[in-house]
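Structural overview
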Amino acid sequence: MQTNRRILITGANGTLGQATARYFLERDAACHVFLGVREKRERAEALVAEFAGRAFLCPLEITCDEAWMAALNQIEAQSGLINVLINNAGYHDDALLVTMSHAQWSGVLEANLSSVFLGCQAVMNPMMQQRWGRIINVASLSALHSPAGQTNYAAAKAGVLGLTQSLAKETARLGITVNAICPGHIEGALPATWTKEQIKAVKRETPMRRFARPEEIAAVVFFLASAEASYMTGGHLKLDGALV
Ligand SMILES: NC(=O)c1ccc[n+]([C@@H]2O[C@H](COP(=O)([O-])OP(=O)(O)OC[C@H]3O[C@@H](n4cnc5c(N)ncnc54)[C@H](OP(=O)(O)O)[C@@H]3O)[C@@H](O)[C@H]2O)c1
């Protein structure tokens, strides 16, 4: 049983990252949460103030391997070796393939897939030293059910599922589990271009008739990061209110 978890959440200023960080901080008084931030940091800073001594800002550009090394050095110096990594940061940049620029393609692949490779590689050594680790990769429903206009994002998130399964096999005997989640739509983090009518229409299509609250996704991440989730590895969970 791992009693003092040192957790890094990337994209921790975003909707899901912030909710996930809060979920851990409110439920595990012994954990230290490192909030990966890039440009925007106001919500992460508010968590640092609220949970002083247990939540820490951690500047991290996820596409840069030196930044990962600097982040891990910071965590080790302030708290100890990392043992939970939540690869949450990401973004989409939608376009039909016929008009998608190479920069749109590679930017999304770098931020959503290559970053997960970099993060997982960076934490291997500290997790192997502890013979305990939890890696949770935030993919998307788009990995399983890919809509038009998201060839870049769907390919990246599907790649995350492949990486997750393959890495889980490499780490299965080392006490390190690797899992992914595939959220559908999340309340408070919908595409900015959606009109009220579009939102209503998608809710109507969703058997639960609503989108996920960020805490409902965070709860699953919390379980996957627990000692109890010891036999689940290489899997992914669809969290979509039965949309597909
Ligand atoms: N929203 C949804 O409905 C939904 C559904 C399925 C899956 N997801 C996935 O869930 C995760 C979180 O989504 P969200 O809705 O919470 O998004 P969000 O509110 O836009 O937050 C995304 C976070 O990722 C950070 N980020 C993006 N690129 C980065 C980079 N290169 N380096 C460091 N940080 C970077 C952003 O930092 P800045 O603020 O500095 O840009 C932001 O903090 C993403 O992986 C997303 O693909 C979301």
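Preceding this section is the structure that the text describes.
Predicted model only: the values in this text are computed from it and were never measured. (Residues numbered from 1 in each chain as written. Predicted model: local features only at pLDDT ≥ 70, side-chain atom pairs only at ≥ 80, totals over all residues.)

Points about the overall build of the protein
Keep this limit in mind: Each helix is a run of H or I in the DSSP string that is no shorter than four residues. Each strand is a run of E no shorter than two, and both are numbered from the N terminus. Atoms counted for the radius of gyration: C-alpha only. Globule rule: 2.2 Å times the number of residues to the power 0.38. Exposure classes come from backbone-placed C-beta atoms, where a residue is buried if 20 or more other C-beta atoms lie within 10 Å of its own, exposed if 12 or fewer do, and partly exposed in between. Two residues qualify as a contact pair if the distance between their C-beta atoms, derived from the backbone, is within 7 Å.
A count of helices and strands for the protein gives 7 helices and 7 strands. Beginning at the N terminus, the succession of helices and strands in the protein can be written as β-α-β-α-β-α-β-α-β-α-β-α-α-β. Here the protein has a C-alpha radius of gyration of 17 Å; the compact-globule value for 244 residues is 18 Å, and the two agree. Projected onto its principal axes, the C-alpha positions of the protein cover 50 × 35 × 35 Å. Residue burial in the protein is summarised as follows: out of 244 residues, 40% are buried. Taking as baseline every contact in the protein between residues at least 6 positions apart, the subset at least 24 positions apart corresponds to 73%.

Here we look at the nonpolar core
Condition: Residues enter a nonpolar core if they are buried, belong to Ala, Val, Leu, Ile, Met, Phe, Trp, Tyr or Cys, and are joined to the set through C-beta atoms within 7 Å.
Counting 61 residues, the largest nonpolar core has Ile-7, Leu-8, Val-33, Leu-35 and Cys-58 as the members making the most contacts within it. Considering every element that reaches this core, the biggest residue donor is helix α4 (residues 102-130), with 7 residues. For Val-33, the contacting residues outside a window of four places in its chain are Ile-7, Ile-9, Ala-21, Phe-24, Leu-25, Arg-54 and Ala-55.

Describing the site of the ligand
In plain terms, the rule: Each residue gets a C-beta atom placed from its backbone. If that atom is within 6 Å of a molecule or strand, the residue is near it. Amino acid classes used here: Ala, Val, Leu, Ile, Met, Phe, Trp, Tyr, Cys and Pro are nonpolar; Asp, Glu, Lys and Arg are charged; the rest, including Gly, are polar.
Within the structure, the ligand sits among 25 residues, and Gly-11, Gly-14, Ala-89, Gly-90 and Ala-189 are positioned closest to it. Top element by residues in the shell around the ligand is helix α1 (residues 15-27). It accounts for 3 residues. Broken down by class, the residue content of the shell around the ligand amounts to 10 nonpolar, 11 polar and 4 charged.

Some details on unusual backbone geometry
The backbone of Arg-209 sits at a positive phi, close to 65°, despite the residue not being glycine. Among the secondary structure elements, Arg-209 is positioned in the loop between α6 (196-205) and α7 (214-224). In the Ramachandran plot, Ala-242 falls in the positive-phi region, its phi being about 70° despite a non-glycine side chain. You can see Ala-242 is positioned in the segment after β7 (236-239). The class for Ala-242 is exposed, based on 9 C-beta atoms found within 10 Å.

Concerning the packing of α1 against α7
Our working definition: As a rule, the C-alpha atoms of each element are fitted with a line to give its axis, helices using only the stretch in contact, and angles between N-to-C directions run from 0 to 180 degrees. By definition in this entry, angles of less than 35 degrees are roughly parallel, angles greater than 145 are roughly antiparallel, angles of 65 to 115 are roughly perpendicular, and the rest are oblique. Handedness of a crossing follows from how the near helix is turned relative to the far one, being left-handed for an anticlockwise turn of less than a right angle and right-handed for a clockwise one.
Axis separation between α1 and α7 bottoms out at 8 Å; the angle between their running directions is 60°. Judged by the angle between their axes, α1 and α7 are oblique. As for how α1 packs across α7, the hand of that crossing is right-handed. Between α1 and α7, the contacting residues are Thr-15, Leu-16, Ala-19, Thr-20, Tyr-23, Phe-24 and Arg-27 on the first element and Pro-214, Glu-215, Ile-217, Ala-218, Ala-219, Val-221 and Phe-222 on the second. Its residues assigned to classes, the contact of α1 with α7 shows 10 nonpolar, 2 polar and 2 charged.

Digging into the environment of Glu-215
Tracing the backbone through its elements, the reader meets Glu-215 in helix α7. Since 15 C-beta atoms lie within 10 Å of it, Glu-215 is described here as partly exposed. Considering only alpha carbons, one finds Glu-215 and His-236, 21 residues apart in sequence, at a separation of 18 Å. The residues contacting Glu-215, other than those within four sequence positions of it, are Ala-19 and Tyr-23.

Here we look at the pairing of strand β2 (residues 32-37)
The condition that has to hold: Strand pairing is assigned whenever DSSP identifies at least 2 bridges connecting the two strands. Looking down the strands as they point away from you, a crossover is right-handed if its path from the first strand over the helix to the second goes clockwise.
Counting buried positions along β2 gives 6 out of 6 residues, so the element sits mostly inside the fold. Looking at chain direction, strand β1 (residues 6-9) and β2 are connected through 4 bridges and run parallel. Its bridge partner being in β2, Ile-9 is matched across the sheet by Leu-35. Traced from β1 through α1 to β2, the parallel crossover comes out right-handed. Judged from the 5 bridges that link them, β2 and strand β3 (residues 55-59) form a sheet pairing that is parallel. Directly across from Phe-34, in β3, lies its bridge partner Phe-56. Between the parallel elements β2 and β3, the chain passes through helix α2 (residues 42-50) in a crossover that is right-handed.

Any link to function would need more than the numbers given here.
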